[in-house]
Structure formats: structure tokens, C-alpha cells
Amino acid sequence: DTAVSQTPKYLVTQMGNDKSIKCEQNLGHDTMYWYKQDSKKFLKIMFSYNNKELIINETVPNRFSPKSPDKAHLNLHINSLELGDSAVYFCASSQGRLAGTCFFGPGTRLTVL
Amino acid sequence: GDSVTQMEGPVTLSEEAFLTINCTYTATGYPSLFWYVQYPGEGLQLLLKATKADDKGSNKGFEATYRKETTSFHLEKGSVQVSDSAVYFCALSGMTGAGSYQLTFGKGTKLSVIP
């Protein structure tokens, strides 16, 4: 069984479109994250939710909106996509707010044309 | 704020060579330290961790020791294999302004091992 799953794995879309990426974890963790990895492999946290409550919201354009319907899911919706949004987006989860051992999903490669 | 600096790659080694990837950090308090590995086309996996000074994390032949005096957590392996080819990330878990914790990653070091 996959611990942290994301869909879709690849996403190719035009500038200006709105898209969503879904994430689910079956580890029973209470904290979930979204990370962005750029073309140089640099990883930066975007958001963190603990028990469906937003606890970290880094400097991210408000075109990005996370939604956590329950502890096992954290979806990422992106409005008005821009070329610079092209990256690999990773969902992750951990138990507790200490951000210790994180389990990462396989990533969603977003390409904006 | 917290930061992690690791040696820039790419690093290319022959099989059975000794590996060192340097990592130093800046943080307030006493962070936990981690090495994550990303194999091609996959997400990150935890390789090893250390939660306090002088702790040694180890896994799959890799080791790293938490050195508070030098604020370092260098990754080592005595004999690398082709299957170790991946990108390695050093990271720390530090407190944010909001009182929660987050992982701060280094920029990653790509390792290629040739037969």
C-alpha cells in the first residue's frame, strides 16, 4: 500500500488555467505538507496543516490555495497558472508538529506552457 | 532564519569509493538533523537522522554524526554502489515563528556512481 499518494503524476497545462493536485496519506499522521521543488532540485515548504488547521503558510502567491477536508487529505489548488509555477510539487506527512520523519509522495510534475 | 548548506555537486565516484557529502547548518535552539535521498523519478525518503549532539545516525551503510561544535552533519559511506546514485538532501527541523516546526532543506547533492 502506498503511504503517501498524489494525483496526477504529471500535469501539463496552459498559462491562465486552474488546476488541482490531490494528496492522500494512509499512515494516520496528523500533519501534512506541500513542498515545491524547482528545476535545480531546491525544495521549499509551501504549506503545512495539522489536524486540518493551517500552521505554516510561507510566502506563496495567493493563487495557491490548500484545502484539507480531513486529516488524511491535503489538496492544492492553483489559479491562473503562470510559467514560473512549473515545478515538481511534493506532498508529505508526519506525526505531530515537530516535522521529524516526513514521508513524501512521489511528486507531481507540473508543466505550464 | 534557519539554513542548511551542503556541498555542491554533482559528485561522480567509482564503485567502492569512499563518499563524503558535507553539510553545515545555522539554527536557533537544538534542531534535529536529517539526510533524505531522492532516487530518479521518485519522492524523498528518509535515509537517517540524529536528534541531539553527538548522536550518530546510520542506515544502509551511510552514517552521519551530529556535531554541535562545528554545526555539521556530514554524510559518509565507506564503499558506494551504483545503486546509491541519487540526490542527497541534508535537512533540519527547526521552529517557525508560529511555534510549529518545519523542515529546512539544503540544495541537494547529486551523486553518480560509475561501475
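Counting of residues starts from 1 at the beginning of each chain's written sequence and follows it residue by residue. Just so you know, chain letters begin at A and ligand numbers begin at 1, following the order they were written in. The model is predicted, so local features are restricted to residues of pLDDT at least 70 and side-chain atom pairs to those at 80 or more, both for listing and for counting; the totals for chains, interfaces and linings are taken over all residues. Note that the side-chain values use all heavy atoms of the structure and ignore hydrogens as well as water.

Trainee: With reference to specific residues and values, describe the overall build of chain A.
Mentor: Secondary structure is summarised from DSSP: a helix means a run of H or I of at least four residues, a strand means a run of E of at least two, and numbering begins at the N terminus for each. Of the regular secondary structure elements, chain A holds 0 helices and 11 strands. What you see in chain A, going N to C, is helices and strands ordered as β-β-β-β-β-β-β-β-β-β-β. The quantity called the radius of gyration is restricted to C-alpha atoms. Its globule counterpart is 2.2 Å times the number of residues to the power 0.38. Expected size for 113 residues packed as a compact globule is a radius of gyration near 13 Å; at 13 Å, chain A falls within 12% of this value. When the backbone C-alpha atoms are referred to their principal axes, chain A occupies close to 35 × 30 × 25 Å. Taking all contacts inside chain A whose residues are at least 6 apart in sequence as the whole, residues at least 24 apart take part in 55%. In these tables, accessible area is a Shrake-Rupley quantity obtained with a 1.4 Å probe, and a residue counts as shielded only by the protein chains included in the view. Accessible area for chain A stands at about 5,500 Å²; split by element, carbon and sulfur atoms hold 51% of it. What makes two residues a contact is simply this: any of their non-hydrogen atoms within 4.5 Å.

Trainee: Outline the overall build of chain B, listing residues and values.
Mentor: The secondary structure content of chain B amounts to 0 helices and 12 strands. N-terminal to C-terminal, the α/β element order of chain B is β-β-β-β-β-β-β-β-β-β-β-β. A compact globule built from 115 residues would reach a C-alpha radius of gyration of about 13 Å, and chain B, at 14 Å, matches this within 12%. When the backbone C-alpha atoms are referred to their principal axes, chain B occupies close to 45 × 30 × 20 Å. Any residue under 20% of the maximum accessible area for its type is buried, any over 50% is exposed, and the rest in between are partly exposed; the area is computed with a 1.4 Å probe on protein chains only. Looking at chain B as a whole, 46% of its 115 residues qualify as buried. Restricting the contact set of chain B to residue pairs at least 6 apart, pairs at least 24 apart contribute 55%. Accessible surface, chain B as shown: approximately 5,500 Å² in total, 49% of it carbon and sulfur.

Trainee: Quick one: what's the story with the nonpolar core, residue by residue and with numbers?
Mentor: All names here are of chain B. Counting 26 residues, the largest nonpolar core has W35, L47, L48, F73, L75 and Y88 as the members making the most contacts within it. Elements represented by at least two residues in this core include exactly β2 (11-14), β3 (19-21), β4 (23-26), β5 (32-38), β6 (44-50), β8 (62-65), β10 (86-95) and β12 (109-114). Top element by residues in this core is β10. It accounts for 4 residues. Setting aside residues no more than four positions away along its own chain, L75 makes contact with L19, T20, I21, W35, L47, L48, F62, E63, A64 and Y88. Residues belong to a common nonpolar core when they are buried Ala, Val, Leu, Ile, Met, Phe, Trp, Tyr or Cys residues joined through side-chain atoms within 4.5 Å.

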